[in-house]
Amino acid sequence: MAVELKYLVWCVALFFVMILAQATAATFSKKASLSDLVGPRDDLPGSGLTPFHGRTKRAQANFVESMCMFVPLVLVAAVTDSFSSLTALGAALFFWGRLVFAPTYWFGVPWVRTLAWFVAIVGILMILWELLF
């Protein structure tokens, strides 16, 4: 399997971890009982978000937005047999940037979070560059 596709699979695994983190944060922020959580969740206690829960939700939404760019580019590169050292590096930068971004966003670490986001965006742009030029 091409390294770009391996990073795509690892991104799905990272997304799963982010969903678990957000769900766990939601559980603790709601102060709900187990019976509340296994039901339809229509009237959960504590409807407000804690700061941590809010950060996990925003990090997850940001990841979805970035995956909407990354996934199609990797798949187009696969279909057109356009993988190169540039696309491999771009996929690596995207994955590792997102891996650093998630916990630094969750725990409110300024600058590092933004730098990690930028690294991931550069990875996307590298793949885009290879496909366009």
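Residues numbered from 1 in each chain as written. Predicted model: local features only at pLDDT ≥ 70, side-chain atom pairs only at ≥ 80, totals over all residues. Heavy atoms only, no water.

Across its full length, the protein chain holds five helices and zero strands. Ordered by position in the sequence, the α and β elements of the protein chain form the string α-α-α-α-α. Nonlocal contacts in the protein chain, meaning residues at least 24 apart in sequence, comprise 77% of its contacts between residues at least 6 apart. (Helix = DSSP H or I, 4+ residues; strand = E, 2+ residues; numbered from the N terminus. Contact = heavy atoms within 4.5 Å.)

What follows deals with the packing of helix α3 (residues 51-79) against helix α4 (residues 85-106). Interaxial distance between α3 and α4 falls to 9 Å at its minimum, and their mutual angle equals 165°. It follows from the interaxial angle that α3 and α4 lie roughly antiparallel. For the pair α3 and α4, the crossing hand works out as right-handed. Of the residues in α4, those in contact with Phe52, Arg55, Thr56, Arg58, Ala59, Asn62, Phe63, Ser66, Met67 and Phe70 of α3 are Ala91, Phe94, Arg98, Phe101, Tyr105 and Trp106. Each residue belonging to the contact of α3 with α4 can be placed in one class, and the counts come to 10 nonpolar, three polar and three charged. (Axes fitted to C-alpha atoms, helices over the stretch in contact; angles between N-to-C directions. Parallel < 35°, antiparallel > 145°, perpendicular 65-115°, else oblique. Left-handed = near helix turned anticlockwise from the far one by under 90°. Nonpolar A, V, L, I, M, F, W, Y, C, P; charged D, E, K, R; others polar.)

This next bit is on the nonpolar core. Soluble, globular proteins show a tendency: their nonpolar side chains are buried together. Counting residues in hydrophobic clusters, the biggest one holds 25 residues, and the most contacted among them are Cys11, Met18, Met67, Phe70 and Phe94. Contributions of two or more residues to this core are made by α1 (3-30), α3, α4 and α5 (112-132). With eight residues, the top contributor of residues to this core is α4. When near neighbours in sequence (up to four residues on either side) are disregarded, Phe70 contacts Leu8, Cys11, Ala91, Phe94, Ile124 and Ile127. (Core = buried A, V, L, I, M, F, W, Y, C linked by side-chain atoms within 4.5 Å. Buried < 20%, exposed > 50% of the residue type's maximum accessible area, 1.4 Å probe, protein only.)

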